[in-house]
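The lines below spell out each chain.
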Amino acid sequence: MRALRILPFLFLLLSCDKGLSPEIADQKAGFGGTVTFIGNWNSTAKQTYVVAFKDPLLSISDFSIFNLKFVSDSIPFGSNNFNYSTNNGNAVLSNIEFGDYSYVAVAQTVRDTLSLDRNDWIVAGIYTSNDDSTQPGILNIPQGSFVENVNILCDFNNPPPQPPSEIQNLLKSFFEFKKSDE
């Protein structure tokens, strides 16, 4: 009978071994880095954000709330550098999980309010995973990891291609070439 009284205590003691330890708790997935601005800011820009999309921006419909996973807090106008983190509590939207993110960028708008209309935004800089500043890099976040140094350069004198219109222009050129070949 005495052993039955001790058994729950032993079970509790053994099951609590590091059960709530911070070392074992899952680290929150995310990423962060620094945005560096070169050149003169557009004087009409009213809002600037770091944004992340899960899937590539191949069409206007890809610019949607379902694909948009991160919107930083607003970057102050005229900044030279801006440090950001998806785990910053001031972010407008932070729905980051592990996996691949196809488009991480800095976007600006001349509007006073946030909009999901692609025409309201200008991409000022993109995250690249190699030295090609014209192609967005795919950001991989391993499970339970925070990826640092996801840095973005915004050169206002040399902005990146604007998605998805650049792709549409390429397709248009392709079909015009194909039509002239017939």
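See the structure above.
Right, let's walk through the structure included here. (Residues numbered from 1 in each chain as written. Predicted model: local features only at pLDDT ≥ 70, side-chain atom pairs only at ≥ 80, totals over all residues. Heavy atoms only, no water.)

## A look at the environment of Ser102
Here's step 1: Structurally, Ser102 is set in the loop between strand 6 (99–101) and strand 7 (103–109).
Here's step 2: C-alpha of Ser102 to C-alpha of Phe53: the two residues are 49 residues apart in sequence and 6.1 Å apart in space.
Here's step 3: Among residues more than four places away in sequence, those in contact with Ser102 are Phe53, Lys54, Asp55, Pro56, Pro136, Gly137 and Ile138.
Here's step 4: A distance of 3.1 Å separates a polar atom in the side chain of Ser102 from the backbone oxygen of Lys54. (Helix = DSSP H or I, 4+ residues; strand = E, 2+ residues; numbered from the N terminus. Contact = heavy atoms within 4.5 Å. Polar contact = N/O pair within 3.5 Å; in protein donor to acceptor, adjacent residues only side chain to side chain.)

## Section: the environment of Pro163
Here's step 1: Here Pro163 lies in the loop between strand 11 (152–155) and helix 2 (165–181).
Here's step 2: Apart from the residues lying within four places of it in its own chain, the contact partners of Pro163 are Leu57, Tyr103, Arg118 and Val123.

## Quick look at the packing of aromatic side chains
Here's step 1: One pass over the structure, following the stated rule, counts 9 aromatic pairs.
Here's step 2: Between the aromatic rings of Phe31 and Phe70, the centroid separation amounts to 5.8 Å while the plane-to-plane angle is 70 degrees, which identifies the pairing as edge-to-face. A residue pair is termed long-range when its members are at least 10 positions apart, and Phe31 in strand 1 (residues 30–38) and Phe70 in strand 3 (residues 68–71) qualify at 39 residues.
Here's step 3: Classification of Phe70 by relative accessible area gives buried; the value is 0%.
Here's step 4: For the ring pair Trp41 and Phe156, a centre distance of 5.4 Å and an interplane angle of 55 degrees mean the geometry is tilted. On the criterion of sequence distance, the pair formed by Trp41 in the loop between strand 1 and strand 2 (47–53) and Phe156 in the loop between strand 11 and helix 2 is long-range, its members being 115 residues apart. Phe156 shares its class with Trp41; the two are buried.
Here's step 5: Among the aromatic side chains, those forming a connected cluster through ring pairs are Phe37, Trp41, Phe77 and Phe156.
Here's step 6: Over the ring of Tyr101 we find Lys54, and its NZ or CZ is 4.4 Å from the ring centre.
Here's step 7: The ring of Phe63 has Arg118 sitting right over it, with the charged end atom 5.9 Å from the ring centre. (Phe/Tyr/Trp six-rings, centres within 6.5 Å; stacked < 30°, edge-to-face > 60°. Buried < 20%, exposed > 50% of the residue type's maximum accessible area, 1.4 Å probe, protein only. Lys NZ or Arg CZ within 6 Å of the ring centre and 35° of its normal.)

## Quick look at a nonpolar patch on the surface
Here's step 1: Together, Ile65, Phe66 and Leu116 give the surface a local cluster of nonpolar side chains, amounting to about 350 Å² of exposed area.
Here's step 2: Since its relative accessible area comes to 43%, Leu116 is described here as partly exposed. (Patch = residues over 30% accessible without salt bridge, like charges linked within 9 Å, V, L, I, M, F, W, Y side chains within 5 Å. Areas by Shrake-Rupley, 256 points an atom, 1.4 Å probe, with all protein chains shown as cover. Salt bridge = Lys/Arg side-chain N within 4 Å of Asp/Glu carboxyl O.)

Without other data, these values stay purely geometric and don't point to any function.
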